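Here is how the chains run, residue by residue.
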Amino acid sequence: MALNLATIDDQTTKKRYEVGTKTKDDLERVHKYYIDMKAEWDFLLAAYEGTKALIDWGVVARHERESWDNYTRRKSEAYGFDYSRSVIELFNFYMFKNPLRRELGGLGDDELWETFEKDCNLEGDHLDTFLMEQARYADVLGHIGVLCDKPNVALVTRSEEVESGAYPYFVAYRPQNILDWEFERGSDGRRRLIFLKLLDDEGFYRLWYQDHWEVWEIPETDATTDTGDVKLQGEP
């Protein structure tokens, strides 16, 4: 279910983004693959969501000699059987019909693991439920990105982590929210992800580098940021 970025990027040397102040254009710039696939992803999601979503996407075209009244009425009377959703739901049902079994060894008794399993995304979703949901949308869109992060809190001991509930958690990103990425080929010949730009549900641009991260938003004026190296640029 995790997006294999290495299969869709052939740019391995030139960094398109540097650390520092960003412009609106910098934040809104997307990868060339994203440009090619965005309309396809939106169509696939609309096909899964049903007839109304497909009509809103624009699948019902207006004939050049058709009046707007007739066109509007034809769209309002359109009906679909939502076969795309039925196929996805059926496949997803059989994938997760039986309880998932994991060989975890000693990790299975770990208190933080048990907490993570019960709430893997800090939204109250059990790990199995999260995986089932992301598998569904991976079937629809072709892939889903899953980011593993951890709260930025200064804790020293294991007991402090348990007490505060600070543990790694998952965040899912649909392809439409994975805006840009960059790879660099190391001395061993392997390509490594060195840059990733995501757009979250709250409208924040999250930029991940090898050694730090940045969070930006685009207000009505200039972009502002709160950076992961604890350096504040502008207003948070």
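Residues numbered from 1 in each chain as written. Predicted model: local features only at pLDDT ≥ 70, side-chain atom pairs only at ≥ 80, totals over all residues. Heavy atoms only, no water.

If you walk through the whole model with that rule in mind, you get 14 aromatic pairs. Consider the rings of Tyr48 and Tyr137, whose centres lie 5.7 Å apart with planes at 70 degrees: the pair is edge-to-face. In this pair, Tyr48 sits in helix H2 (residues 32-49) while Tyr137 sits in helix H7 (residues 127-141), placing the two residues 89 residues apart along the sequence. Of the two residues examined, Tyr48 and Tyr137, each falls in the buried class. Ring centres 5.7 Å apart and planes at 35 degrees place the aromatic pair Phe130 and Phe170 in the tilted group. With Phe130 in helix H7 and Phe170 in strand E2 (residues 169-173), this pair connects stretches of sequence that are 40 residues apart. Phe170 matches Phe130 in its accessibility class, with the two residues each being buried. Grouped by ring-pair contacts, the aromatic residues Trp113, Phe116, Phe130, Tyr167 and Phe170 constitute a single cluster. A cation over an aromatic ring shows up here: Arg85 above the ring of Tyr48, its NZ or CZ 4.3 Å from the ring centre. (Phe/Tyr/Trp six-rings, centres within 6.5 Å; stacked < 30°, edge-to-face > 60°. Helix = DSSP H or I, 4+ residues; strand = E, 2+ residues; numbered from the N terminus. Buried < 20%, exposed > 50% of the residue type's maximum accessible area, 1.4 Å probe, protein only. Lys NZ or Arg CZ within 6 Å of the ring centre and 35° of its normal.)

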